[in-house]
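Fold and geometry: a report
Chain residues, written in single-letter form:
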Amino acid sequence: MATLKLAGLLLVVGCVGTEGPPPKTSGGTLVISAVGDPDLLIPALTSSLQGLQVTDLVHDRLADIGDSLNIVGDRGFMPRLSDNWTWGRDSLSIAFHIDERARWHDGRPVGSDDVRFTFASFRDSTLGASVSSLLTNIDSVTAPDSTTAVFWFRSRAPQQFYDAVYLTPIMPAHIWRDIPPSAWRQSPAARAPIGSGRFRFVRWTPRGSVELAADTMNYHGAPNLTRVIWSLAPDPTTAATRFFSGEADLFEGLRPDHMATLKNLPNVRIAQTRGLVYSFAQFNLRDPANRARPHSLFGDRELRRALTMAVDRNSIVRSVYDSLALPALGPTVRMYSTTDPNLPQIPFDLARARQVLDSLGWRAQTADGTRERNGRPLQFTLSVPGSSAARVRMAVLIQEQLRQAGAKVDVEQVDFPVFLDRMRKRTFDVVIGAWQAQASPGSVRQSWGSSGSRARDGSNYGSYESPLFDTYVDSALAAFDIPSRRSLFTKAYQVIIQDAPAIWLAEPIPTLGYHSRLQLAARRPDAWWARLGEWWIPDDKRIPRDNAPPAADTAARKAP
């Protein structure tokens, strides 16, 4: 395949920067072309990218992580709901003072009880927040007065501050307190969130759009954009077409085959950043019908390793992404300072894979070459969300490569909500998943650690469990110096790579397409949307939709 060419297109690379002078006036509507609906709009529970983007803009954290993504201590963190904080003498507590100007979008003041309530909710087992396993070092949160929330820790750790502020966007206690956590997912509030961020929720039209409007009385000032709208398309092709036609201003799903079209669109720009996304084909290690039993195929470590060996990951990444992705290294990304970019992998070796399968008793006996053992064919289903063109393409390529090894793979495309439901219920053989990792490499605990496997709503959907992997990760997170953390994380990754609970596929390079009228300010590596309040559209670049007011029934905050 020819190398991807970006000549003729303006390419903006980096995580920060501003194009043009700062705006003289606020206004303008940003339309984002996206594929599929959010699942729900609760920070603790959303699993979709669109849901994460909406909840991040509607809700505030106590402090925002800086663009350097430092997670050790509080260096680089910027005040948000908390305007200042004080560490205890023994470093086992942090007292956050709540900005007294902060208001919920319904006009009520934000207080320390909201912080205490949020933390208790995220830890509530009946809610099933996937990050609960990452909050174990926080013993409790107290509220000595209405504007002070104190986090108490079990032990000193490098990322105490990060754990306190990043993992738990603050939610309004007066909205959620009277709803049992087990009923949050089905609550109307899950589809109409109230937060304290610079954008407030307006409406969600299923299969149509999600709209946010500027909170003009926000305690941190009104954002530069008047509205942000996600135009929800049923498939990637429709989403791309809306962007190419000018119906949308931004599209984050650019693929190599789009580049020829973009060269003929003089008003389109491309921005690339470092990213935290990686994709994988995850084996279910437990029986989908009875989790007390191992999966009849993938409970066998050597079979998983043989199948991994039969997949040429490099050729798959080149075929699907050209130069817009790199082969994944494991459950990590290259942007982490603790990641060794030369992590050894299970190598692609089709001949060796066939030999291992032979030694395991899987012999090619059928007319189509499918292997059997004790009368059972080596056959399974690979599920993939139809909304992801890249994952669908990878599934087809994996299907063909494993056919050459003697495995029959049935590729099943399903709607994204169905895909998420099967993952949560763990009723699958193999899925092609993708994680938007957090700023801390410690987030690997929730998606691949034993605690994420055992929790009722944990996000280790494949049920991989390794005490050795857990120990190395926990030790890495307790280390204060970078060399020790890097060494311990490397050992953890080596364990999981060799255990092969997944085939590590791709680490995409985030590539945004956007209209030149849109002025991009900061773009944080873990979330390009985090600073949308600082983006703007110059007055002379406005189009009719920029002047349309938000829905009248939510245009102004209610009086407190």
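Scroll up a little and you will see the structure.
Okay, so let's go over this structure. Here, residues in each chain are numbered from 1, in the same order as that chain's written sequence. Residue-level local features of this predicted model are given only where pLDDT is at least 70; pairs of side-chain atoms are given and counted only at 80 or more, and the full residue set underlies all totals for whole chains, interfaces and linings. Each side-chain value is worked out from all heavy atoms of the structure, with water and hydrogens disregarded.

A few points about the pattern of salt bridges
Salt bridges are defined by distance alone: a side-chain nitrogen of Lys or Arg within 4 Å of a carboxyl oxygen of Asp or Glu. One pass over the structure, following the stated rule, counts 26 salt bridges. In this structure, the salt-bridge partner of Arg 227 is Glu 211, at a minimum N-O distance of 3.5 Å. A residue pair is termed long-range when its members are at least 10 positions apart, and Arg 227 in strand S11 (residues 227-233) and Glu 211 in strand S10 (residues 209-214) qualify at 16 residues. Assessed through its relative accessible area of 3%, Glu 211 is described here as buried. In this structure, the salt-bridge partner of Arg 293 is Asp 287, at a minimum N-O distance of 2.7 Å. Residue classification places Arg 293 among the partly exposed positions, given a relative accessible area of 43%. Beyond isolated ion pairs, a larger network of salt bridges with shared partners links Arg 301, Glu 302, Arg 305 and Asp 499. Secondary structure is summarised from DSSP: a helix means a run of H or I of at least four residues, a strand means a run of E of at least two, and numbering begins at the N terminus for each. We call a residue buried when its accessible area falls under 20% of the maximum for its residue type, exposed when it is over 50%, and partly exposed in between, using a 1.4 Å probe and counting protein chains only.

Structural notes on unusual backbone geometry
Even without glycine at this site, Ser 91 takes up a positive phi of about 65°. Here Ser 91 is to be found in the loop between strand S5 (82-87) and strand S6 (93-98). In the Ramachandran plot, Asn 374 falls in the positive-phi region, its phi being about 55° despite a non-glycine side chain. The topology assignment puts Asn 374 in the loop between strand S19 (371-373) and strand S20 (376-377). On the basis of relative accessibility, which here comes to 80%, the residue Asn 374 falls in the exposed class.

Focus on the packing of helix H8 (residues 313-321) against helix H10 (residues 389-405)
Between the N-to-C directions of two axes lies an angle of 0 to 180 degrees, each axis being a line fitted to C-alpha atoms and, for a helix, fitted only over the stretch in contact. One way to put it is that H8 packs onto H10 with a least axis distance of 10 Å and a crossing angle of 140°. In the packing of H8 onto H10, the handedness of the crossing is right-handed. Here H8 contributes Ser 315, Ile 316, Ser 319, Val 320 and Tyr 321 to the contact with H10, which in turn contributes Ala 390, Arg 393, Met 394, Leu 397, Ile 398 and Gln 401. Along the lines of polarity and charge, the residues of the contact of H8 with H10 split into seven nonpolar, three polar and one charged. Here is the rule for handedness: rotate from the far helix to the near one, and if that takes an anticlockwise turn smaller than a right angle the crossing is left-handed, while a clockwise turn gives right-handed. Residue contacts follow a heavy-atom distance rule, with two residues in contact if any of their heavy atoms lie within 4.5 Å. Residue type decides the class: Asp, Glu, Lys and Arg count as charged, Ala, Val, Leu, Ile, Met, Phe, Trp, Tyr, Cys and Pro as nonpolar, and the leftover types, Gly among them, as polar.

Notes on the packing of aromatic side chains
The aromatic pairing rule takes the rings of Phe, Tyr and Trp, using the six-membered ring of Trp, and pairs them if the centres are within 6.5 Å, calling planes under 30 degrees apart stacked, those over 60 edge-to-face and the rest tilted. As enumerated under the stated definition, the model contains 24 aromatic pairs in all. When the ring of Phe 96 is compared with that of Phe 161, the centres are 5.6 Å apart and the planes differ by 45°; the resulting orientation is tilted. You can see Phe 96 sitting in strand S6 and its partner Phe 161 sitting in helix H3 (residues 160-165), a full 65 residues away along the chain. Accessibility classification places Phe 96 together with Phe 161 in one group, the buried group.

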